[in-house]
Amino acid sequence: MSTFVLLTLTGFGLAAMYFLIASGLSLIYGLMGVLNFAHGAFITVGAYGTWWSSVHVFDGVHSDLWRWLASSAVGLICGGIFAALVELLLIRPLYSRHIEQVLVTVGLQLAFVALVTGVWGPDPQTFVVPAWLHETTDVGGALIPNDRWVEIATAAAVLGLLQLFLRKTRYGLIIRAGVENRAMVQALGIDVRKAFTLVFAIGGIAAAVAGVLGGVYFNSIQPDQGTSLLIFAFIVVVIGGLGSIGGSAVAACLVGLVQQYTNYYASSGIGDMVVVLLLGVVLLARPRGLAGAVVGARA
Amino acid sequence: MSRRLDRSLVDWLWPLAVFGLLAVVPAIGLSIPKVFDQPVDSPGTLALLASCLLFGALALTYDLQFGYTGLLSFGHTLYIALGAYLTNIAITEWHWQFWQAVLVAMAASFALANVLGFVSMRVAGIAFAMVTLAFAQAGSVLALKDPHHWTHGEEGLGADYTKLPHAFVGIVNTKNLYWLALAFLAGVFFVVRWAVESSPGRVWQAIRENEARVEVLGLPPRAYKLQAFVLSSTLAAAGGVVYMLLFNGTTLSLTQPNFTLTLLLMVVIGGAGSRWGAVLGGILYTYLNNRLTAIGSSSAVNGLPHALKVPLSQPLFLLGAIFILMVIFLPGGLVGLARRGSPSTMRRLRAAVGGGAAAEAS
């Protein structure tokens, strides 16, 4: 039983990171039709921004908690600005040429990981986090690493904020309308391009959060850490239905839990295979993903 | 009538002349300083040239589905890896004969391409790209975790050289490997040309241009796309066998998504939807990747200030940056650049690249 609890909470911890990455990917795809490979670079920017500022800017801060929070804030800001710049400089010139946009993000991802490797080396780096994150809490006999709670709570908060933003604000309304029918929104005289930059910035911040949490979850950061997370986030996006935040959240939990359970109860690595199998089954049964019918995703 | 005859003769003569010229390279003891460190007929240079030719061919197999049919797959390397790994495992771990191993690997790749192609074509466009990526990732995880102790995970699996054809073993036989890579390139070139000029091939190109219109004409796009996908994947698996021979075994990098992404870079840099473009892109990319690594660690670069040294020591950064600039400013790649030249250049180039390319340019 205690193993099961541990696996469940670890699965949700992993799901939290998948969701943080997938939500941005899904919004960007839903609104703009761009499969953003550079999302892996956003994760790297968040993680390395946090690490760099932790070492070079906030090294005088004595409280580990404040040092971690302050450097994380720098990481998130870097992620958001980087993502917005990518949209303005690389995606916008290729407006409505979807394949070329994907190609540019692929090139950016490869070049950026190479650049980070060149500057800071391929070796894992660690940043200072509060000590209690690495301690455990007893839940019904299961010793749960504390960072799982932070990951789950952060993802839940981001989900809540995103839903609030999408449902209660004017820009949220434009984005939701744009996902359903971009041409109609433009025909109503609304400049959708501002919303494009905005979803990129939001996606970049969410991905940077995943980068910071990944640094805690895996205990270190590496230049290409984003790439492997990104692939599972792609699977989450397809299973959840392109363009749906709620679908992404459900699919992220499904993928995270299935992966953890099968990796433990079957054998290591089987979980990753089962997730791909799950993707195949969902595609055969519902090609538009779990939430596809709701948003009418453009597959 | 005679013009038609001339045209088809030219279509055959050009590639044959190019491949024929390439075939005599190992017999020339020429030294080209700066371009190659060693004389052209030395094993080191021949091995580099062989991998350039192999990647030219692999890029061309990718171009068949991406450039000609418009299928953006991120999982092409699954079939290259399957061809390479299955052949290698069969001879090294199961002690089969080489030709049996190759036949089984090809049959397995063909079957897998049919099954996975069928499933992934439930979705189209970007979703298709993601799904193919996921399948390739599953293959990569399988090779890494290695449940049966066949692939040897991160170490990779060195081929049992006693089972390989003797002509392809050892440094003295590097020129044979060069000719093998060249023969494979020529084979893929003519198969791709035959395929895209056949009537299904014309449907593939029509699908790339406008899938809905093809469907309105009463042709099932998915069946045609699956054909192109399976042919391209099976050719890729054959390329995997050549890769295994060339590099004396299989390593995990062959299974990873970045391998497909580099093929995509090659095709786009050279020019998607063009045979010579894809081949040129593959050759140039491989050559630059190899040479930039050498230049990056050379003393000339080490003397540079830090801000210049770091990017220069990372070939993938330079190639990725070149790629991004080309996608934005030079759609059509290197071949597109040549085609946009003066009208007379264009005419000559059309004649040079054959009738199929001329049809695409117009």
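Structural notes, computed from the coordinates. In this text the structure is predicted, and so the values were computed from the model without any measurement. (Residues numbered from 1 in each chain as written. Chains lettered and ligands numbered in written order. Predicted model: local features only at pLDDT ≥ 70, side-chain atom pairs only at ≥ 80, totals over all residues. Heavy atoms only, no water.)

### Re the nonpolar core
A:Met32, A:Leu35, A:Phe37, A:Val106, B:Phe74 and B:Leu264 are the most contacted members of the largest nonpolar core, which totals 202 residues. Once residues lying within four places of it in the same chain are set aside, the contact partners of A:Phe37 are A:Thr105, A:Val106, A:Gln109, A:Leu230, A:Phe234, B:Phe74, B:Leu133 and B:Leu261. (Core = buried A, V, L, I, M, F, W, Y, C linked by side-chain atoms within 4.5 Å. Buried < 20%, exposed > 50% of the residue type's maximum accessible area, 1.4 Å probe, protein only. Contact = heavy atoms within 4.5 Å.)

### Some points on the packing of aromatic side chains
Applying the stated criterion across every chain, the model contains 29 aromatic pairs over all chains. Seen in terms of ring centroids, A:Phe42 and A:Phe82 are 5.8 Å apart; in terms of plane orientation they differ by 85 degrees. Their pairing is edge-to-face. Taken as a pair, A:Phe42 in helix 2 (residues 39–56) and A:Phe82 in helix 3 (residues 64–91) lie far apart in primary sequence, 40 residues in all. Residues A:Phe42 and A:Phe82 agree in their burial class; the two are buried. Their ring planes at 20 degrees and their centres at 4.8 Å tell us that B:Trp12 and B:Phe190 sit as a pair that is stacked. Of this pair, B:Trp12 sits in helix 1 (residues 2–23) while B:Phe190 sits in helix 6 (residues 174–197), and the two are 178 residues apart along the sequence. You can call B:Trp12 partly exposed: its relative accessible area is 45%. Take B:Phe190: its relative accessible area is 18%, and that puts it in the buried class. (Phe/Tyr/Trp six-rings, centres within 6.5 Å; stacked < 30°, edge-to-face > 60°. Helix = DSSP H or I, 4+ residues; strand = E, 2+ residues; numbered from the N terminus.)

### Some words on the pairing of strand 1 (residues 136–139) of chain A
All names here are of chain A. With four bridges joining them, strand 1 and strand 2 (residues 142–145) adopt antiparallel strand pairing. Note on strand 2: the bridge partner recorded for Asp138 is Leu143. Counting the residues between successive antiparallel strands, the hairpin from strand 1 to strand 2 contains two residues, one of them, Gly140, with a positive phi of roughly 55 degrees. (Pairing = 2+ DSSP bridges.)

### Focus: the side chain of B:Thr87
On the secondary structure map, B:Thr87 appears in helix 3 (residues 77–92). Among all residues touching B:Thr87, those that are not within four sequence positions of it are B:Leu82, B:Phe98, B:Ala101, B:Val102, B:Ala105, B:Val241 and B:Met244.

### Considerations on the interface of chain B and chain A
Each side of the interface is counted separately: chain B has 37 residues, and chain A has 40 residues. Taking both sides of the interface into account, the surface hidden between chain B and chain A amounts to around 3500 Å²; carbon and sulfur atoms contribute 85%. Sorting the residues of the side of chain B that touches chain A by element identifies helix 5 (125–145), helix 10 (257–270) and helix 14 (315–329) of chain B as the ones contributing at least two each. The element best represented in the side of chain B that touches chain A is helix 5 of chain B, accounting for 13 residues. For the side of chain B that touches chain A, the class distribution of residues is 31 nonpolar, four polar and two charged. (Buried area = accessible area lost by both parts, 1.4 Å probe. Nonpolar A, V, L, I, M, F, W, Y, C, P; charged D, E, K, R; others polar.)

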